[in-house]
Amino acid sequence: TFSGCHSFTKIDIPSTITSIEYGAFCNCTHLTHVNIPSSITSIDDRVFNGCNSLQHVKIPSSVTSIRQFAFKNCGALKEIFIPSSVTSIRDGAFSDCHELIKINIPSSVTSIEGNLFCRCASLKELSIPSSVTSIGYRSFYSCVGLQNIIIPSSVTSIGEHAFDNCI
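Residues numbered from 1 in each chain as written. Predicted model: local features only at pLDDT ≥ 70, side-chain atom pairs only at ≥ 80, totals over all residues. Heavy atoms only, no water.

**Focus: the overall build of the protein chain**
Phase 1 of the analysis: Of the regular secondary structure elements, the protein chain holds zero helices and 13 strands.
Phase 2 of the analysis: A compact globule built from 167 residues should have a C-alpha radius of gyration of about 15 Å, and the protein chain, at 15 Å, falls within 12% of that.
Phase 3 of the analysis: Counting only C-alpha atoms and orienting by the principal axes, one finds that the protein chain spans roughly 45 × 30 × 20 Å.
Phase 4 of the analysis: Taken over 167 residues, the protein chain has a buried fraction of 49%.
Phase 5 of the analysis: If you take every contact in the protein chain between residues at least 6 apart in sequence, the share linking residues at least 24 apart comes to 23%.
Phase 6 of the analysis: For the protein chain, the exposed area adds up to about 7,700 Å²; of that, 50% sits on carbon and sulfur atoms.
Phase 7 of the analysis: Positive and negative charge centroids in the protein chain, built from 11 and 12 side chains respectively, lie 4 Å apart. (Helix = DSSP H or I, 4+ residues; strand = E, 2+ residues; numbered from the N terminus. Rg over C-alpha atoms; globule rule 2.2 N^0.38 Å. Buried < 20%, exposed > 50% of the residue type's maximum accessible area, 1.4 Å probe, protein only. Contact = heavy atoms within 4.5 Å. Areas by Shrake-Rupley, 256 points an atom, 1.4 Å probe, with all protein chains shown as cover. Lys, Arg positive; Asp, Glu negative; His and termini not counted. Charge placed at Lys NZ, Arg CZ, Asp CG, Glu CD.)

**Quick notes on the pattern of salt bridges**
Phase 1 of the analysis: This structure, assessed with the given rule, holds five salt bridges.
Phase 2 of the analysis: The residue Asp-96 makes a salt bridge to Lys-72 at a minimum N-O spacing of 2.6 Å. On the criterion of sequence distance, the pair formed by Asp-96 in the loop between β7 (88–89) and β8 (102–103) and Lys-72 in the loop between β5 (65–66) and β6 (79–80) is long-range, its members being 24 residues apart.
Phase 3 of the analysis: Using a relative accessible area of 16% as the deciding quantity, one classes Lys-72 as buried.
Phase 4 of the analysis: Across the pair Glu-113 and Arg-90 runs a salt bridge, and its minimum N-O distance is 3.2 Å. With Glu-113 in the loop between β9 (111–112) and β10 (125–127) and Arg-90 in the loop between β7 and β8, this residue pair connects regions lying 23 residues apart in the sequence. (Salt bridge = Lys/Arg side-chain N within 4 Å of Asp/Glu carboxyl O.)

**Some words on the environment of Ile-158**
Phase 1 of the analysis: With respect to the helices and strands, Ile-158 occurs in strand β13 (residues 157–158).
Phase 2 of the analysis: Take Ile-158: its relative accessible area is 47%, and that puts it in the partly exposed class.
Phase 3 of the analysis: C-alpha of Ile-158 to C-alpha of Leu-123: the two residues are 35 residues apart in sequence and 19 Å apart in space.
Phase 4 of the analysis: Contact partners of Ile-158, with chain neighbours within four places excluded, come to Ile-135, Ile-151 and Phe-163.

**What to know about the side chain of Ser-154**
Phase 1 of the analysis: Note on placement: Ser-154 falls in the loop between β12 (148–150) and β13.
Phase 2 of the analysis: Only 2.7 Å separates the side chain of Ser-154 from the backbone oxygen of Ser-130, close enough to count as a polar contact.
Phase 3 of the analysis: With residues near it in sequence (within four places) discarded, Ser-154 still touches Pro-129, Ser-130, Ser-131, Val-132 and Thr-133. (Polar contact = N/O pair within 3.5 Å; in protein donor to acceptor, adjacent residues only side chain to side chain.)

**Section: the sheet that holds strand β3 (residues 42–43)**
Phase 1 of the analysis: An order of β3-β5-β7 is seen for the three strands of this open sheet, with the pairing classed as parallel. At either margin of the open sheet sits one strand with a lone partner, and together these are β3 and β7.
Phase 2 of the analysis: With two bridges joining them, β3 and β5 adopt parallel strand pairing. Each residue of the ladder has a partner; that of Ile-43, found in β5, is Ile-66. (Pairing = 2+ DSSP bridges.)

**Some points on the packing of aromatic side chains**
Phase 1 of the analysis: According to the stated counting rule, one finds eight aromatic pairs in the structure shown.
Phase 2 of the analysis: Here Phe-2 and Phe-25 contribute two aromatic rings whose centre-to-centre distance is 5.5 Å and whose plane-to-plane angle is 5 degrees, an arrangement assigned as stacked. Remark: Phe-25 occurs in the loop between β1 (10–12) and β2 (33–35) and Phe-2 occurs in the segment before β1; sequence separation between them is 23 residues.
Phase 3 of the analysis: Ring geometry for Phe-94 versus Phe-117: centroids 6.1 Å apart, planes at 10 degrees, classification stacked. Of the two residues, Phe-94 is situated in the loop between β7 and β8 and Phe-117 in the loop between β9 and β10; the sequence distance between them amounts to 23 residues.
Phase 4 of the analysis: Given a relative accessible area of 1%, Phe-117 falls into the buried group.
Phase 5 of the analysis: Aromatic ring contacts, followed pair by pair, group Phe-2, Phe-8, Phe-25, Phe-48, Phe-71, Phe-94, Phe-117, Phe-140 and Phe-163 into a single cluster.
Phase 6 of the analysis: Across from the ring centre of Tyr-141, 4.1 Å away, lies the NZ or CZ of Arg-138, which sits over that ring. (Phe/Tyr/Trp six-rings, centres within 6.5 Å; stacked < 30°, edge-to-face > 60°. Lys NZ or Arg CZ within 6 Å of the ring centre and 35° of its normal.)

Spelled out as structure tokens, the structure:
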């Protein structure tokens, strides 16, 4: 829809919108702020992929899933709060968010999917809730700033290369 529109800096999505489809705001490189209304229940694949100036996103409690690569390459995103309504965060949703320092994973999430935080170089610490039972392939690959991670005893499987290149 608005993919590649470089002039946007802020988007207020009206509450009449119930769905944001695949790649809608992909590569809006000057976008810094997004207000998502409570009428949205899912953040679809690649919706904000490549919005490398995006700094502020408030995910409403109506959202239940964050799809694949939804926030991939949002290089300026430093912190994101995920409400407890979210039960699914899909592959690579926050990969290549190089400035991401803080993220909460709600206890409604049961798995850390593959590539989820891949190359989030500024992520320093993370507490995984006891609801999580699996950590996927390359989920923390190249998180070079990661200093502290708490893996609960509920985790029964850790995928290949999950923590590779975490110096």
